[in-house]
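Results of the structural survey
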Amino acid sequence: MQFTWTHHGEPLAMKRFLTQHGISMRTIKAIKHGAGEFLVNDQVKTGVITINTGDVAGIRLPDEPADETVAVSHQPLQVQYEDANWLVVDKPAGLTSVPGPSNREDTLVNRIKGYLVATQAPNQRPHLITRLDRDTSGLVLVAKHHVAQGMLTDPKLADQLVKTYLAWIEGTLTPASGTIDQPIGRLDDSPRRGVTANGQRAITTYQVETSTLAHAVSRVRLQLVTGRTHQIRVHLSALGHPLLGDALYDGNQTWIKRQALHAASLQFYDPFAEQTRRFEAPLPADLQALNRQ
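All of the points below concern the structure found in this document. (Residues numbered from 1 in each chain as written. Predicted model: local features only at pLDDT ≥ 70, side-chain atom pairs only at ≥ 80, totals over all residues. Heavy atoms only, no water.)

1. Quick word on the overall build of the protein chain
Operational definition: Numbering goes from the N terminus for both helices and strands, where a helix is a DSSP run of H or I of at least four residues and a strand is a run of E of at least two. To sort residues, take the accessible area from a 1.4 Å probe on protein chains only and compare it with the maximum for the residue type: under 20% means buried, over 50% means exposed, and anything in between is partly exposed. Pairs of residues are marked as contacts when any of their non-hydrogen atoms sit within 4.5 Å. Method for areas: the Shrake-Rupley scheme with a 1.4 Å probe, in which residue coverage is limited to the protein chains shown. Charged residues are defined narrowly, with Lys and Arg counted positive, Asp and Glu counted negative, and His plus the chain ends left uncounted. One atom stands in for each charge, and that atom is NZ of Lys, CZ of Arg, CG of Asp or CD of Glu.
Each helix and strand in the protein chain was counted, giving seven helices and 18 strands. For the protein chain, the spread of C-alpha atoms along the three principal axes comes to 70 × 40 × 40 Å. Each of the 293 residues in the protein chain was classed as buried or not, and the buried ones make up 45%. Considering only contacts within the protein chain whose residues lie at least 6 apart along the sequence, 63% involve residues at least 24 apart. As presented, the protein chain carries roughly 14800 Å² of accessible surface, and 48% of it is formed by carbon and sulfur atoms. Seen as two clouds, the 30 positive and the 28 negative side-chain charges of the protein chain have centres 3 Å apart.

The following block contains the structure:
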């Protein structure tokens, strides 16, 4: 794979030129040790490299082969968007994001690998930028190679990654919009998390969209400012408004048997295309049914 940009401005050292375009120092060091090539105007360069105005410069890297320790799954994968650098997929509820001790054969990562193998993609080692709990549905952003993954770790680009969720909760949040700023930490050996004084800072913003008085249920739109484990589930439960169906956090399971949480939209800045991309995922059937309650 190859990435190049045209330089406009004063002469620059190759390292500075590349870091300005989001290439990590880790990648630059790897190239210096033989894991790739530096390019200037289609020519391979070594040693001290200066980029002048009008030069087309960048890097060439080997493709990323599949991880042989990750099983291939050819179960369905709902692809919302794909190009040479990114995949945006719509994960169904009930599907684990990454392989673990209880499931190494059919997780989202296994399915993405199966898709990349089936389509003969040059890079077959997916990098999940966002993750969802097993029973949360909705959009997941995947980098198709480590260069793309590294670019979104840049704080300037990471801050432009916006994930919006829809949640159905017991009761009505008061006030109808606000920010939840409460630290989240582990609770002994339990899979639960909780608001704890020594936890990591966690910030969630919310807006109540609708309230159904007949069932004392509200639909809430939320955005994560931080990304702690179970963050939305913990914050809403701590306020006394757990997600419907969330057995782990004592949510009411009358109307739905999984946590009523959906990653409804995803927005990020694409440094390759130099534009902001935005995607939306339709509600699955069980959440559409909640809307009709």
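2. Focus: the pairing of strand β3 (residues 37–40)
Which entries qualify depends on this criterion: Here the rule is simple: two strands pair whenever DSSP picks up at least two bridges between them.
Pairing of β3 with strand β6 (residues 56–60), which is carried by four bridges, proceeds in the antiparallel orientation. Bridging across to β6, E37 finds its partner in R60. Here β3 runs beside strand β4 (residues 43–45); their pairing, made up of three bridges, is antiparallel. Across the sheet, F38 pairs through a bridge with K45, a residue of β4. Between the antiparallel neighbours β3 and β4 lie two residues, among them N41 with a positive phi of about 50 degrees.

3. Quick notes on the packing of aromatic side chains
Aromatic rings considered in pairs are described by the distance between their centres and by the relative angle of their planes. Inclusion rule: Stacked, edge-to-face and tilted labels apply to pairs of Phe, Tyr and Trp rings (six-membered ring for Trp) whose centres lie within 6.5 Å, assigned for plane angles under 30 degrees, over 60, and everything in between, in that order.
Under the criterion given, the structure shown has six aromatic pairs. Here the aromatic rings of F3 and F272 are separated by 5.6 Å at their centres, their planes lie at 35 degrees, and the arrangement is tilted. With a gap of 269 residues between them, F3 in strand β1 (residues 2–6) and F272 in the loop between β17 (261–270) and β18 (275–280) connect regions that are remote in the sequence. A relative accessible area of 22% places F272 in the partly exposed class. Through successive ring pairs, a cluster of aromatic residues spans F3, Y81, W86, F268, F272 and F279.

4. Description of the pattern of salt bridges
Think of it this way: side chains of opposite charge can pair up when their charged atoms draw near. Quick reminder of the rule: A pair is scored as a salt bridge if a Lys or Arg side-chain nitrogen falls within 4 Å of a carboxyl oxygen belonging to Asp or Glu.
Here the structure, examined in full by the defined rule, presents 15 salt bridges. A salt bridge links E209 to R219, with the shortest nitrogen-to-oxygen separation between them at 2.9 Å. You can see E209 sitting in strand β15 (residues 203–212) and its partner R219 sitting in strand β16 (residues 217–224), a full 10 residues away along the chain. What you see here is one network of salt bridges that share partners, running through D83, D270 and R277.

Keep in mind these numbers describe shape, not what the thing actually does.
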